[in-house]
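# An overview of the molecular structure
The primary structure of each chain is shown beneath.
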Amino acid sequence: MRRTGVFVCHCGSNIAGTVDVERVAKEAAKFPNVVFATDYKYMCSEPGQQVIKDAIKEHNLDRVVVASCSPRMHEPTFRRCLESAGMNPYLFEMANIREHCSWVHPDKEKGTIKSIDLVRKAAAKVVKDEPLQKSSIGITKRALVIGGGIAGIQVALDIADAGFPVTIVEKEPTIGGRMAQIDKTFPTLDCSACILTPKMVDASQHPNIEILSYSEVEKVEGYVGNFDITIRKKARSVDMSKCTGCGTCWEKCPTKVDSEFDMQLGKRKAIYTPFPQAVPNKPVIDRVNCTKFRTGKCGICQKVCPTGAVDYEQQDELITEKYGAIVVATGFNQFDHSVYGEYGYGKYPDVITGLHFERLINASGPTMGKIKRPSDHKIPETVVFIKCVGSRDEAKGKSYCSRTCCMYTAKHATLVHEKIPGSKSYIFYMDVRTPGKGYEEFYKRTAEEYEAQYIRGRVSKVYQKGDKLVVRGEDSLIGRPVEIEADMVVLANAMVAREDAGDLARTLGISYDKDNFFTEAHPKLRPVETHTAGVFLAGACQGPKDIPDSVAQAGAAASKAIGLLSKTQMESDAIVSNVDESRCSGCMICKGICPYKAIDAKLITERVGGKMAERQVAAVNKSLCQGCGACTVACRAGCLNLLGFTNEQILAEVEAVCL
Amino acid sequence: MITEKMRAAAKELLEKGEVETVIGWEKGTFWYNSTPAFISKPEQADRLVFDEFCANNLAKYLLDYRNADGKIAVFVKGCDARAVNRLLQDNQVKREKVYLIGIPCPGMKEAPKTGAAQDTASLPLLAKCQSCATPNPVIYDQLLGDPVPAREVPNRFAGVEALEAKGADEKYERWGKLFSECIRCYACRNVCPACNCRECAFDANGLNWLGKQNNLQENQMFNITRAMHVAGRCIECGECERVCPMGLPLMDINRKIIKDLNELFGSYDAGLNLEDRPPLGHYKLDDPEKFM
Amino acid sequence: MSLNTEALPKSQEVTASPEAAPQPWEPRIVGFACNWCTYAGADLAGLSRLQYPPSIRLIRVPCSGRVNPQFVIRAFQRGADGVLVAGCHPGDCHYSTGNYFTRRRFLLMQRLLEYMGMDPRRFQARWISGSEGPKFQQVVTQMTEDIKALGPNRKMRDVE
């Protein structure tokens, strides 16, 4: 027998106007396990709460029902009230007789009957309420940043400045990412390297930052505050502790390979750093192309190395470390536009992408900053830009707008005008989207002062005629076909997710959308968090972004991570799933359904037939569980239950409202 | 003869000590029944038989050996093999703890109406075998005999479709009549390889999912819940229907669900492939949408 | 029954308020509403004073994915004339994926109940967001009308 108290609120006339509250209280007093019922003008007010507290003492109540407004409004209020009266705050239910009754049912008789039903339902459930406790877990005060582009570097610097150790894992031999490949940045046209490289150096010299370049995350175990992360440090073939980065090895290396950093427009050696300002400025050997690894002969780099750092025997190394938070900042790739055969990419060397163009205008790029077309190194006079290559095209590419292309194309056109006197740029576009600060002005300047000619329409074909590329398209504004004889064509390829994004998402247990971009926990309210507690997102891995947006998001992700790491203990909600281990069969169907990776198998030992036997059961990590209850329905045996919303409680409610 | 091969295989496994028990069939009290046999000594191998009456799905007996020290060998027909996959997918047995001896199944026969000896060829195929599409084991360590050609299965959903076409009240009346015959002996559950919970929700104390009364409503509750629990997991061995003492057409319910799952969420047959996830254990973003 | 429902006064009995005229039959609909969308949508209907028939009794669950088919059958068993399961629109689930499982489970369940002879209008699932107060009103109104047309449910119902 429980001792339930029922408190019916008038809410001024909000409830009492259309519900006979006295009658509700009188009927409630007749319900089983109810020992006290009353009504009061404003239950949530100080005196109203005092009524509850007094009744708890006077009638020795062990369960409380308040019939008033929505629990979404005042459940926390009344729980605190119970707590201050010395009761467990979870021995409490609300009957929503305002939003769900008095405000929607003007017929007083019918509204009163429904109110009585709703109170009966709450009273039936409250009897089955159990005292619940919040739980807490410790936190490893250390963060892992995956990806060392501008977003990753910014996250690392922010977290490190807040006083927490950070590790950056970067799969390339150097940090810097895409931004390092870019020449100038819009809309200010300041040099990308000039603003990026100081940050790279800051990161490398920061006492709280450790950079693991040429490394990848192999395995993630554990949960928020307590991740165990295995990192594969790929064999560099160079002993980092001995190498001084003097550069003798790559000067002497006889093998030349197309440089990935220069988008295959320039060459690098088989032992190399991707670019001169690389951090760490220590080389790796590209084992696929190195003569020593291919044929066994050569070994020049080892001979010339003054410190004996070159080590052909080096193996991949796996390390496992503990982290409290993870920030994913793995960036993007360029859309593979080979699906657009009509643009002639691959067939005509002078059809290039935006990133190629960045390398061509970069002073430290393969052409020392002179815009020369790849085929014959002639300086182009007419350049055609084609926008929306792979973006806003559901048939062949991606449905989304890639956000950055309008601006970088405008930048490219400006740079063509500045660097090649007498040149002319044409830009084929669908729309011009310039939603950033100073962006519209920049675009206007490109079109008006720098004489780039914007043509609204799609390009149907690019073909070679002599040493020219003929671009045929349509100007949809005047409804006429246009043909331009160009020296070079630059495609504004969409930003797409990295091809291995899905694998990383599965490793981390985060979700990703149809385009393989990682999904934020809420598109508006939790843009840098993921559904996996303790894993945050920064930069273009979440969706196309330019540099200022990536940096802003990096700062936001860092502050979320700092917020987590600055706690000593993390408190988690009491409404979590619970496993009855004695009945669990360990089928683990629940595991695949949990969106938070909160359920895992564990082995328990029990005595069976006189000997000890091991058995697998499901175990819920109470700090990860968010209390959705999806697992409880998947469990056929009913041995998973959601505390606060147990099967028994809900069935009791069903029975009560069906009477 | 499969029987000889069975005996030889069992004998060898037991002699070499590779398995501690072999689960097969042996002759029962009458010539027209073959019952499960559990042998642990090589000399018992000669008890084993394989004939037209080995209808019992043996896979579920593996659950009784969860804590065995050694391996258990079990003979599997097509349906038994799918049942083993069910148990593997549900983490109820470990693959390395079982040794599967596959037997391509020619189809099992009904027991004769009278006990008098007669030519088994004239006996009709069991209902569960008539619509079987997987007579050959889909998982095994060793296969006895040659695979049999897959049986021509006419539309296995024909019965379901006929019922679907009936009016609501007619349907309710039909099922109501059938369910009021149910004696809730739970034989359907006990024999079902998909019903492999340590303790069934209906047996649990305090869960209150099912009343104790044997009346139409509670029987409906039981049968619908049972159907939902095996939804997407039923391997169509038909054992539930075969063992029902009241002769309830339980496969009409299971097949209805299988048909709907296939129509709604794409082709799926439980127990054929360990990698395929049961349809109610995952989802697709573009699943049919009727709830807008 | 562990719950002492036998002891509870039936709502038909409390109906008999002395001055009230006998009420005509009203359908009884049990609604399962997820806390984040549909329950909020129902709250919004209240805030906007959108009237609908007093036929529905909402049971708050964290997510529509929490609704066990058991609960639905039990509701019919105990006398519900209709059952509504409602949650966030696909893609909007507070727990990101819960309603995708709801969608699969209850599509199947609805068809099974229909196969058993239950009119599909008596068991419905709907997506109602926190901003869709009017939709909540409309769904409850429509369902009430449908069920009024069908009359009291006798199928799967406990004998009285």
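No experiment lies behind these values; they were computed from the predicted model shown.

### A few points about the overall build of chain B
Summing up its helical and strand segments, chain B has 9 helices and 5 strands in all. For 292 residues, the compact-globule formula gives about 19 Å, and the C-alpha radius of gyration of chain B, at 20 Å, lands near that figure. C-alpha atoms of chain B, sized along the principal axes, occupy 60 × 45 × 40 Å. For chain B, buried positions account for 55% of its 292 residues. Relative to all contacts within chain B whose residues are 6 or more apart in sequence, the contacts with residues 24 or more apart total 69%. Only carbon and sulfur atoms are counted for the fraction: they give 51% of the accessible area of chain B, which is about 12600 Å². Across chain B, the 38 positively charged side chains and the 41 negatively charged ones have centroids separated by 2 Å.

### Overview of the overall build of chain A
Looking only at helices and strands, chain A has 18 helices and 34 strands in total. For a compact globule of 659 residues, the expected C-alpha radius of gyration is about 26 Å, and chain A comes in at 33 Å, more than 25% above that figure. Principal-axis analysis of the C-alpha atoms gives chain A an extent of 95 × 75 × 45 Å. Scored against the burial criterion, the 659 residues of chain A give a buried share of 59%. In chain A, of all internal contacts separated by at least 6 residues, the share reaching a separation of at least 24 is 69%. Carbon together with sulfur atoms contributes 50% to the accessible area of chain A, which is approximately 26000 Å² in total. Separation of charge centres in chain A, based on 87 positive and 80 negative side chains, amounts to 2 Å.

### Re the sheet that holds strand 2 (residues 56-61) of chain C
Pairing between the strands of a sheet is mediated by backbone hydrogen bonds and can be parallel or antiparallel. Residue and element names in this part refer to chain C. Taken in spatial order, the 4 strands of this open sheet run 2-1-3-4, and their pairing is parallel. The sheet is open, and its two borders are formed by strand 2 and strand 4 (123-127), each paired with just one other strand. Ignoring which end each strand starts from, the neighbouring axes of this sheet average 20° apart. The sheet contact formed by strand 1 (residues 29-34) and strand 3 (residues 82-87) spans 5 bridges and is parallel.

### With respect to the pattern of salt bridges
All names here are of chain A. Within this structure, the stated rule accounts for 80 salt bridges over all chains. Two residues, Lys30 and Glu27, come together in a salt bridge whose shortest N-O distance is 3.2 Å. On the basis of relative accessibility, which here comes to 51%, the residue Lys30 falls in the exposed class. Residue Glu321 is joined to Arg142 by a salt bridge in which the shortest nitrogen-to-oxygen separation is 3.0 Å. With Glu321 in strand 17 (residues 317-323) and Arg142 in the loop between strand 5 (135-138) and strand 6 (143-146), this pair connects stretches of sequence that are 179 residues apart. Of the residues examined, Glu321 reaches a relative accessible area of 27% and is grouped as partly exposed. By sharing partners, the salt bridges in this structure join Asp350, Arg373, Asp376, Lys378, Asp467, Lys468 and Asp487 into a single network.

### Some thoughts on the interface of chain C and chain A
Across the boundary between the two partners, chain C contributes 59 residues, which contact 54 residues of chain A. Here chain C meets chain A over a buried area of about 5000 Å², counting both sides, of which 61% is carbon and sulfur. A per-residue breakdown of the area chain C buries against chain A is headed by Arg57, Arg60 and Arg66 of chain C, which together make up 14% of the total. For the pair chain C and chain A, the number of links is 7 salt bridges. Along the contact surface separating chain C from chain A lie 19 residue pairs in polar contact (both at pLDDT 80 or more). When contributions to the side of chain C that touches chain A are tallied by element, the ones reaching two or more residues are helix 1 (11-15), strand 1, helix 2 (38-47), strand 2, helix 3 (69-77) and helix 4 (98-115) of chain C. Looking at which element gives the most residues to the side of chain C that touches chain A, the answer is helix 2 of chain C, with 7 residues.

### Side note on the domain arrangement of chain A
For chain A, the assigned domains read domain 1 (4-126), domain 2 (143-331 + 500-565), domain 3 (334-496) and domain 4 (577-642). Distance from the C-alpha centre of domain 1 of chain A to the C-alpha centre of domain 3 of chain A: 68 Å.

### A few points about the packing of aromatic side chains
All names here are of chain A. In the structure shown here, the tally under the stated rule is 27 aromatic pairs over all chains. Pairing Phe293 with Tyr312 gives two aromatic rings, centres 5.8 Å apart and planes at 80°, and the pair type is edge-to-face. Remark: Tyr312 occurs in the loop between helix 10 (300-304) and strand 17 and Phe293 occurs in helix 9 (residues 291-295); sequence separation between them is 19 residues. Consider the rings of Tyr443 and Tyr454, whose centres lie 5.0 Å apart with planes at 85°: the pair is edge-to-face. Separated by 11 residues along the polypeptide, Tyr443 in helix 13 (residues 439-448) and Tyr454 in strand 23 (residues 453-456) bring together distant segments of the chain.

### So, the interface of chain B and chain C
Listed as interface residues are 45 residues of chain B and, on the opposing side, 40 residues of chain C. Between chain B and chain C the total buried area reaches about 4100 Å² when both faces are included, carbon and sulfur atoms providing 62% of it. Where chain B packs against chain C, one counts 5 salt bridges. Among the ionic pairs, Glu289 of chain B bridges to Arg103 of chain C, the shortest N-O distance being 2.8 Å. Remark: the boundary between chain B and chain C carries 19 residue pairs in polar contact (both at pLDDT 80 or more). Put simply, the parts of the chain that give the side of chain B that touches chain C at least two residues each are helix 4 (158-164), helix 5 (168-181), helix 7 (216-229) and helix 9 (251-265) of chain B. Its residues assigned to classes, the side of chain B that touches chain C comprises 25 nonpolar, 7 polar and 13 charged.

### Topic: the state of the cysteines
Two cysteines form a disulfide when their sulfur atoms are joined by a covalent bond. All names here are of chain A. Here the structure, examined in full by the defined rule, presents 2 disulfides over all chains. Each disulfide pairs two cysteine sulfurs, and for Cys191 the partner residue is Cys194, the sulfurs being separated by 2.3 Å. Of note, the bridge from Cys191 to Cys194 carries an S-S torsion of about 90° and is right-handed in sense. By relative accessible area, which is 52% here, Cys194 ends up exposed. For the unlinked cysteine Cys253, the closest cysteine sulfur is that of Cys298, found at 6.4 Å. Residue classification places Cys253 among the buried positions, given a relative accessible area of 10%. In this structure Cys305 is a free cysteine whose sulfur lies 6.3 Å from that of Cys246, the closest cysteine sulfur available.

### Points about the nonpolar core
Counting residues in each nonpolar core, the largest one holds 78 residues, and the members touching the most others are Phe32, Val72, Leu112 and Phe123 of chain C. Of all hydrophobic cores here, the second largest spans 69 residues; its members include Ile168, Ile175 and Ala180 of chain A together with Cys63 of chain C.

### Details of the pairing of strand 1 (residues 21-27) of chain B
Residue and element names in this part refer to chain B. Taking burial as the measure, the 7 residues of strand 1 include 6 buried ones, the bulk of the element. Bridging between strand 1 and strand 3 (residues 72-76) involves 3 bridges; their strand directions are parallel. The partner of Thr21 across the bridge, within strand 3, is Ile72. Bridging between strand 1 and strand 2 (residues 34-39) involves 6 bridges; their strand directions are antiparallel. Bridged to Trp25 within strand 2 is Pro36. Counted along the chain from strand 1 to the antiparallel partner strand 2, the turn is 6 residues long.

### Thoughts on the pairing of strand 18 (residues 325-328) of chain A
All names here are of chain A. Burial of the side chains of strand 18 extends over both faces: Ala325 and Val327 are buried on one face and Ile326 and Val328 on the other. The pairing of strand 6 with strand 18 spans 4 bridges and is parallel. Within strand 18, the position partnered with Leu144 by the bridge is Ile326. Where strand 18 and strand 29 (residues 535-537) come together, 3 bridges link them in parallel fashion.

### Observations regarding the packing of helix 7 of chain B against helix 3 of chain C
How two helices pack is summed up by the angle between their axes together with the distance between the axes. At a minimum axis distance of 10 Å, the contact between helix 7 of chain B and helix 3 of chain C shows a crossing angle of 160°. Taken together, the axes of helix 7 of chain B and helix 3 of chain C lie roughly antiparallel to each other. The way helix 7 of chain B lies across helix 3 of chain C gives a crossing that is right-handed. On helix 3 of chain C, the residues touching Gln217, Glu218, Met221, Ile224, Thr225, Met228 and His229 of chain B of helix 7 of chain B are Pro69, Gln70, Ile73, Arg74 and Gln77 of chain C.

### Description of the packing of helix 11 (residues 354-361) of chain A against helix 12 (residues 405-419) of chain A
All names here are of chain A. Between helix 11 and helix 12, whose axes approach to 11 Å, the crossing angle comes to 30°. The two elements helix 11 and helix 12 cross, and the hand of that crossing is left-handed. In this structure, helix 11 uses Gly354, Phe357, Glu358 and Ile361 to contact helix 12, whose residues at the interface are Tyr408, Lys411, His412, Leu415, Val416 and Lys419. Considering only residue class, the contact of helix 11 with helix 12 consists of 5 nonpolar, 2 polar and 3 charged.

How each quantity is defined
- Residues numbered from 1 in each chain as written.
- Chains lettered and ligands numbered in written order.
- Predicted model: local features only at pLDDT ≥ 70, side-chain atom pairs only at ≥ 80, totals over all residues.
- Heavy atoms only, no water.
- Helix = DSSP H or I, 4+ residues; strand = E, 2+ residues; numbered from the N terminus.
- Rg over C-alpha atoms; globule rule 2.2 N^0.38 Å.
- Buried < 20%, exposed > 50% of the residue type's maximum accessible area, 1.4 Å probe, protein only.
- Contact = heavy atoms within 4.5 Å.
- Areas by Shrake-Rupley, 256 points an atom, 1.4 Å probe, with all protein chains shown as cover.
- Lys, Arg positive; Asp, Glu negative; His and termini not counted.
- Charge placed at Lys NZ, Arg CZ, Asp CG, Glu CD.
- Pairing = 2+ DSSP bridges.
- Axes fitted to C-alpha atoms, helices over the stretch in contact; angles between N-to-C directions.
- Salt bridge = Lys/Arg side-chain N within 4 Å of Asp/Glu carboxyl O.
- Buried area = accessible area lost by both parts, 1.4 Å probe.
- Polar contact = N/O pair within 3.5 Å; in protein donor to acceptor, adjacent residues only side chain to side chain.
- Domains from an automatic or database assignment.
- Phe/Tyr/Trp six-rings, centres within 6.5 Å; stacked < 30°, edge-to-face > 60°.
- Nonpolar A, V, L, I, M, F, W, Y, C, P; charged D, E, K, R; others polar.
- Disulfide = S-S within 2.5 Å.
- Core = buried A, V, L, I, M, F, W, Y, C linked by side-chain atoms within 4.5 Å.
- Parallel < 35°, antiparallel > 145°, perpendicular 65-115°, else oblique.
- Left-handed = near helix turned anticlockwise from the far one by under 90°.

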